[in-house]
Amino acid sequence: MITPHQTILPFLAVAFSLTLFHSAGAETCPKAGGVEAGASCEHGDGVRTGHTHASESHGDAGRMVHIHRMTCDDGAVARWKPVGRDVVTFKVKDWAGVSLEVALAIRRGVLRWNRVQPFYVMWETTREDADITIELLDDLLPGIVGAAKVKCRNAREGIRKAYVFLALKGVGAVEAQNMTAHEIGHAMGLGHSDHSHDLMDAKLAEKNIDKRMICPSNLNRAGLIAGMHSVAIPAEEWTETDCWGRRSG
Ligand SMILES: [Zn+2]
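**Q** Is there a simple way to explain the overall build of the chain in this structure?
**A** Along the chain, the regular secondary structure elements total four helices and nine strands. Within the span of the chain, comprising 249 residues, buried residues form 44% of the whole.

Pasting the structure below:
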């Protein structure tokens, strides 16, 4: 049994009041300016419904696929400052009630980014001042399975802190890994992708992500490197890597 941490509930209410109005198809990040000082950008991801998988067209010729970035309060692209930084640390606030299998999956979901991220290493810590804090809950709000919040005031400071929330009730290891990897993508400063098979697909949580491990793609890497609000690549250049970082056949 995972016990929701009571003190974050008011914070979640703020975050989700914003994100729930953020339609599933939209990819820009809602600004929280004026609602909570220093809170720049939140994403809430839902809805896990029946694990249906829509059939998708593969007529990609000439189409561009895009990925967006989270933004700072001043409108700049949100990024961890690479200068003088080798590591972004993460900490799971409380592992209580989480099976070993799911705990390992959550760690893998974070560490998958070490295969693609261009600037720094994701490193687990027990320190209170971890860069990314991950909170494991039974439930978030109805229909929400994961959420991320990035604190970034301006381009000069970069991202100062990120929070990830995962709703784990009834979630198995593969799904936990995929949800974690997606939310950590937000914590790294990525928004949503419009490629339906990409890890950062806005509707990822609606698909059968309990069946197959999904890992960051070259689009995610391009998005992290470019430092622009939106990055586009031709759809045929989108490459799915397997979860060991190799290009899949
Ligand atoms: Zn998302």
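**Q** Can you help me understand the nonpolar core in this one?
**A** Across soluble globular proteins, you tend to see nonpolar side chains buried next to one another. Counting residues in hydrophobic clusters, the biggest one holds 55 residues, and the most contacted among them are V150, A162, V164, L166, L168 and A187. Secondary-structure elements contributing two or more residues to this core are strand 2 (64-69), strand 3 (87-92), helix 2 (100-111), strand 5 (132-137), strand 6 (144-152), strand 7 (159-167), helix 3 (173-187) and helix 4 (218-226). Here the element with the most residues in this core is strand 7; it accounts for seven residues. Look past the residues within four positions of V164 in its chain and what remains in contact with it is I132, I134, A148, E183, I184 and A187.

**Q** When you look at the environment of E183 in this model, what are you seeing that I'm missing?
**A** With respect to the element layout, E183 can be found in helix 3. A C-alpha to C-alpha distance of 6.8 Å links E183 and G146, two positions 37 residues apart in sequence. Not counting residues up to four positions away in its chain, the partners in contact with E183 are G146, A148, V164 and L166.

Calculation notes
- Residues numbered from 1 in each chain as written.
- Predicted model: local features only at pLDDT ≥ 70, side-chain atom pairs only at ≥ 80, totals over all residues.
- Helix = DSSP H or I, 4+ residues; strand = E, 2+ residues; numbered from the N terminus.
- Buried ≥ 20, exposed ≤ 12 C-beta atoms within 10 Å, placed from the backbone.
- Core = buried A, V, L, I, M, F, W, Y, C linked by C-beta atoms within 7 Å.
- Contact = placed C-beta atoms within 7 Å.

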